[in-house]
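# Examining the three-dimensional arrangement
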Amino acid sequence: MTRYKREDPEITRRKFINAALGASAAVGTVSLLSTLGGANPVFRLTPKKAPPMPGDVLVHAVGEKAGQPVTVADLGEELVRAWPMGKDKEGNDVVRDGEPTGILAIYKFPAGEIKAPTRLEGTIDGQIVAYSDRCTHAGCNVGEGKAPSGKGIMNCPCHSGQYEPREGCKVIGGPPPAPLPQLPIKLEGDKLVATSFFVSRPFGYATDEDWVKYTEQVKELLS
Ligand code: FES
């Protein structure tokens, strides 16, 4: 008789997200990843599933440095993927990689290239900027692409949505209804630290009011 072992659904989910991030260019994979994190009911909230919060340190999401803080030296005009890392109530470090909404894209552009509507006060020296890496159209992970000019932009593999990361990740092509939300950051020593929640609602929230209400509940439950 065949025996089946039941696996903890949370562990299965984590395995899946790690695998999906390793192959985020695969459209089918990222679509399924997106489906998993579409809603953020507060009753499921844990420090691991919280969105990026004020005080969180940004850590590498993939590669040899996964889990280590992102430093200025790691950054350039190529997208660096990161997760926020905060603390649990006991003061232990927690990488908030339990919901796809927390995944981030970080860039460092030459001085003068970042312009409005980017919130410059939320960048580091007007050169380093962080955004949600989750498309506002249907929630896929957004990757890198090239504009016809040859300039690097953000390109969503699911339905070809395009964003300009030098200009507040405004939509420059395809179906996304809104820019990718910016995450205000500052430098603390050599680490990048979030100074607030996303400045606009990320994928999965119907209205700005829903997003603001959720952040207030997160603060109340986890601060
Ligand atoms: S999910 Fe990104 S363009 Fe559709």
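Every value quoted in this text rests on a predicted model; they were computed, and no experiment measured them. (Residues numbered from 1 in each chain as written. Predicted model: local features only at pLDDT ≥ 70, side-chain atom pairs only at ≥ 80, totals over all residues. Heavy atoms only, no water.)

What follows deals with the layout of surface pockets. Any space left empty among the atoms is revealed by the rolling of a water-sized probe across them. Estimated volume of the largest pocket: approximately 160 Å³. What lines the largest pocket is simply Thr136, Pro177, Ala178, Pro179, Ser200, Arg201, Pro202, Phe203, Tyr205 and Asp208. Broken down by class, the residue content of the lining of the largest pocket amounts to six nonpolar, two polar and two charged. (1 Å grid on protein atoms, 1.4 Å probe; cavity = no way out; pocket = protein on both sides within 12 Å on 5 of 7 lines; lining within 4 Å. Points joined across faces, edges and corners; volume = space filled by probe spheres on them. Nonpolar A, V, L, I, M, F, W, Y, C, P; charged D, E, K, R; others polar.)

The subject of this paragraph is the side chain of Asp56. For Asp56, the location among the structural elements is in the loop between α2 (27-36) and β1 (57-60). Within the local environment of Asp56, its side chain forms a polar contact with the backbone nitrogen of Met53, the two atoms lying 2.9 Å apart. Apart from residues lying up to four places away in sequence, Asp56 is in contact with Pro51, Pro84, Met85, Gly86, Arg96, Leu192, Val193 and Ala194. (Helix = DSSP H or I, 4+ residues; strand = E, 2+ residues; numbered from the N terminus. Polar contact = N/O pair within 3.5 Å; in protein donor to acceptor, adjacent residues only side chain to side chain. Contact = heavy atoms within 4.5 Å.)

To continue, consider the confidence of the model for the protein. Mean pLDDT over the protein stands at 84; residues scoring 70 or higher make up 81%. Segment residues 1-38 is flagged for pLDDT under 50; beyond a separation of four residues in sequence, or across chains, it makes 53 contacts in the model. (pLDDT = per-residue confidence, 0-100.)

Topologically, Gln182 is positioned in strand β10 (residues 182-183). Within the local environment of Gln182, its side chain forms a polar contact with the backbone nitrogen of Arg119, the two atoms lying 2.9 Å apart. Sequence-distant contacts of Gln182, that is, excluding residues within four places in its chain, are made with Thr118, Arg119, Gly122, Thr123, Val129, Ala130, Tyr131, Phe197, Phe198 and Val199.

Glancing now at the state of the cysteines. On inspection of all chains with the given rule, the structure shows one disulfide. Disulfide pairing places Cys140 opposite Cys158 at an S-S distance of 2.0 Å. Between Cys140 and Cys158, the S-S dihedral sits near -95°, and the bridge is therefore left-handed. You can see Cys140 sitting in the loop between β5 (128-132) and β6 (143-146) and its partner Cys158 sitting in the loop between β7 (152-155) and β8 (162-164), a full 18 residues away along the chain. (Disulfide = S-S within 2.5 Å.)

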